[in-house]
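This is what each chain is made of:
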Amino acid sequence: GFRCGIVGLPNVGKSTLFNALTKTAAAQAANYPFCTIEPNTGDVGVPDKRMSAIAKIGKSAQIIPTRITFVDIAGLVRGASKGEGLGNQFLANIREVDAIVHVLRCFEDDDITHVEGRINPVADAETVETELMLSDLESLERRIVGVRKKAQGKDKEAMAQVPIMEAVLARLQNGEPARVLLASFDAEERRELRNLNLLTSKPVLYVCNVAEADAATGNEYSRAVDEMAKKQGARAVVISAAIEAEIAQLGEDEVSEYLEAMGLTEPGLDRLISEGYALLDLITYFTVGPKETRAWTVKRGAKAPAAAGVIHTDFEKGFIRAQTIGYDDFVTLGGEVAAKEAGKARDEGKEYVVQDGDIMMFKFNV
Ligand code: GDP
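The rules behind the values
- Residues numbered from 1 in each chain as written.
- Predicted model: local features only at pLDDT ≥ 70, side-chain atom pairs only at ≥ 80, totals over all residues.
- Helix = DSSP H or I, 4+ residues; strand = E, 2+ residues; numbered from the N terminus.
- Buried ≥ 20, exposed ≤ 12 C-beta atoms within 10 Å, placed from the backbone.
- Contact = placed C-beta atoms within 7 Å.
- Domains from an automatic or database assignment.
- Nonpolar A, V, L, I, M, F, W, Y, C, P; charged D, E, K, R; others polar.
- Pairing = 2+ DSSP bridges.
- Axes fitted to C-alpha atoms, helices over the stretch in contact; angles between N-to-C directions.
- UniProt positions renumbered as here; feature names shortened; annotations may be inferred.
- Core = buried A, V, L, I, M, F, W, Y, C linked by C-beta atoms within 7 Å.
- Parallel < 35°, antiparallel > 145°, perpendicular 65-115°, else oblique.
- pLDDT = per-residue confidence, 0-100.
- Expected span 1.5 Å × (residues − 1).

**Thoughts on the overall build of the protein**
Next, step 1: The helix and strand tally for the protein stands at 14 helices and 12 strands.
Next, step 2: With respect to the principal axes defined by its C-alpha atoms, the protein has extents near 65 × 65 × 35 Å.
Next, step 3: Counting over 366 residues, the protein shows a buried share of 37%.
Next, step 4: The contacts in the protein between residues at least 6 apart in sequence include a share of 67% that link residues at least 24 apart.

**Here we look at the domain arrangement of the protein**
Next, step 1: If you check the domain split of the protein, you get domain 1 (3-279) and domain 2 (301-364).
Next, step 2: Taking only C-alpha atoms into account, the centre of domain 1 sits 33 Å from that of domain 2.
Next, step 3: Domain 1 puts five residues into the contact, and the matching count from domain 2 is seven residues.
Next, step 4: By residue class, the composition of the side of domain 1 that touches domain 2 is three nonpolar, one polar and one charged.

**Some details on the sheet that holds strand 1 (residues 3-7)**
Next, step 1: The six strands lie next to each other as 2-4-1-5-6-7, forming an open sheet whose pairing is mixed. Either end of the sheet is taken by a strand with one partner, and the two such strands are strand 2 (40-45) and strand 7 (235-239). Between one strand and the next, the sheet's axes are offset by a mean angle of 25°, whatever the strand orientation.
Next, step 2: Taken together, the four bridges between strand 1 and strand 4 (residues 67-72) define a ladder with parallel strand orientation. Bridge assignment links Ile-6 to a residue of strand 4, and that residue is Asp-72.
Next, step 3: Taken strand by strand, helix 4 (residues 121-152) contacts strand 1, strand 5 (99-106) and strand 6 (204-210), and its axis lies near 145° from that of strand 5.
Next, step 4: Sitting on the sheet, helix 10 (residues 268-279) is in contact with strand 1, strand 2, strand 4, strand 5, strand 6 and strand 7, with an inclination near 165° to strand 7.

**A word on the UniProt feature "binding site: ATP" (unreviewed entry) in the protein**
Next, step 1: Mapped onto this numbering, the UniProt entry gives "binding site: ATP" (unreviewed entry) at Asn-11, Val-12, Gly-13, Lys-14, Ser-15 and Thr-16.
Next, step 2: As for its position among the elements, Gly-13 is in the loop between strand 1 and helix 1 (14-22).
Next, step 3: Excluding residues within four positions of it along the chain, Gly-13 makes contact with Val-103, Arg-105, Asn-209 and Ala-241.
Next, step 4: As for its placement among the helices and strands, Ser-15 is situated in helix 1.

**Some thoughts on the environment of Ala-241**
Next, step 1: Its location among the elements puts Ala-241 in helix 8 (residues 241-249).
Next, step 2: Along the chain, Ala-241 and Val-12 lie 229 residues apart, while their C-alpha atoms are 9.5 Å from each other.
Next, step 3: In this view, Ala-241 contacts Gly-13, Thr-16, Leu-17, Ala-20 and Asn-209; residues no more than four positions away in its chain are not counted.

**Describing the environment of Val-207**
Next, step 1: Along the chain, the position of Val-207 falls in strand 6.
Next, step 2: Among the residues examined, Val-207 registers 29 C-beta atoms within 10 Å and is labelled buried.
Next, step 3: With 15 residues separating them in the primary sequence, Val-207 and Ser-222 have C-alpha atoms 8.7 Å apart.
Next, step 4: Not counting residues within four places of it along the chain, the set of residues in contact with Val-207 comprises Val-101, His-102, Val-103, Leu-104, Val-237, Ile-239 and Leu-272.

**Focus on the nonpolar core**
Next, step 1: Judged by nonpolar contacts, the single largest core of 86 residues is most densely connected at Ile-6, Leu-104, Tyr-206, Val-207 and Cys-208.
Next, step 2: When residues no more than four places from it in sequence are discounted, the contact partners of Leu-104 are Gly-8, Val-12, Pro-121, Asp-124, Ala-125, Tyr-206, Val-207, Cys-208, Asn-209 and Val-225.

**A closer look at the packing of helix 5 (residues 156-173) against helix 6 (residues 187-195)**
Next, step 1: Two elements in contact, helix 5 and helix 6, have axes whose closest approach is 10 Å; the angle formed by their N-to-C orientations is 75°. In terms of axis orientation, helix 5 runs roughly perpendicular to helix 6. Contacts between helix 5 and helix 6 involve Ala-160, Gln-161, Ile-164 and Val-168 from the first element and Glu-189, Glu-192 and Leu-193 from the second.
Next, step 2: The residue makeup of the contact of helix 5 with helix 6, split by class, is four nonpolar, one polar and two charged.

**Brief notes about the confidence of the model for the protein**
Next, step 1: In this model, the protein carries an average pLDDT of 90, and 94% of its residues clear a pLDDT of 70 or more.
Next, step 2: Considering only residues more than four positions removed or in separate chains, one finds that residues 24-37, a stretch of pLDDT under 50, has 38 contacts.
Next, step 3: Model confidence for the complex is summarised by a pTM of 0.87, with the ipTM given as 0.96.

**Things to note about helix 5**
Because each turn of an α-helix spans 3.6 residues, side chains separated by three or four positions in sequence point in the same direction.
Next, step 1: Compared with an ideal rise of 1.5 Å per residue, which puts 18 residues at 26 Å, helix 5 spans 26 Å between its outermost C-alpha atoms and is within 8% of the ideal.
Next, step 2: Those residues of helix 5 that fall on the buried side of the exposure criterion are Gln-161, Ile-164, Met-165, Val-168 and Leu-172.
Next, step 3: Following helix 5 by one or two positions, Gly-175 adopts a phi angle in the positive range, close to 80°.

As structure tokens, then:
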């Protein structure tokens with residue numbers, strides 16, 4: 001599956017958020033650094049309002065959301081790239097995720113120690129990013145020696161890698177993360193960059209953890225983060241981990257009342273999960289039947305056989321075609337039969353690129 005790593009300095013609220021996300025006590029929240037030593041992993045359902053509309057029309061007995069994985073990654077401190085704290089372990093854990101959810105402390109609380117002794121989320125973000133850049137710099141400088149040698153020996157792969165590595169090195173030496181290069185790279189160069197599996201080439205979402213009272217409006221800290229994110233072409237969301245932890249304890253019928261009291265329209269976690277999903281560049285297609293309406297995840301740009309393969313490898317191997325109805329057609333026309341009559345149920349073949357919201361039914365050989 002697809003994985004988002006939750007990172008940030010100690011005591012910013014990572015574990016609180018992770019616990020709320022997974023509603024488990026697996027990640028321990030406590031007021032001291034290095035509490036979360038093992039990477040904790042949890043699957044969460046991706047909220048999607050379209051599912052209830054489809055299930056109603058399709059008279060499905062059940063709704064099954066698609067899922068993504070969050071990993072609570074142990075606290076990073078200044079000096080981690082040089083092995084401080086849980087440095088190396090932390091960095092190895094980041095290597096294994098597809099995207100980074102970077103939690104920043106935007107709440108004041110004299111009882112909760114801040115490792116740097118002051119609240120400044122933009123400086124915190126730079127501290128973490130610097131450690132990631134130093135780690136990438138060190139690993140690239142080490143790896144490029146061998147790759148250069150191979151390139152001199154006319155190794156095709158190495159010859160393609162060297163200019164990418166040099167471009168990234170130049171940026172890192174200039175204090176910029178590898179991901180700033182993505183915009184100017186073509187598909188081939190991006191693939192090369194991805195293969196390097198650098199920490200700073202992964203997409204980032206900033207999470208501003210604010211006090212309960214600021215959850216609806218944000219505060220001066222979160223606005224500073226917003227500005228920083230905008231400059232980087234990244235996104236930021238405002239969340240109160242304390243509120244989310246509270247919501248996780250409530251019964252379903254109590255949630256909306258509590259949200260209203262807090263001036264909120266939906267749980268922050270729903271937004272966080274959706275943003276995480278977008279960060280991974282994922283889209284959803286649906287299958288519908290009397291048993292269930294179900295959401296499935298594919299990478300944007302995936303073709304129909306690969307989408308079928310998410311359900312079962314046999315569907316991909318024996319793929320013939322996919323009956324496909326766009327979400328809007330399905331809902332406005334009122335279901336499969338009506339969509340067929342209106343000529344809106346398309347037969348798509350092997351080259352079809354799946355669109356977000358497609359309602360699909362696969363025909364395959366067994
Ligand atoms: P981590 O080290 O980043 O995983 O941080 P934790 O989630 O363990 O939180 C550290 C401490 O801060 C715990 O005592 C939490 O209860 C507290 N905390 C987390 N989020 C908030 C918040 O939004 N407001 C306040 N006041 N305290 C929080």
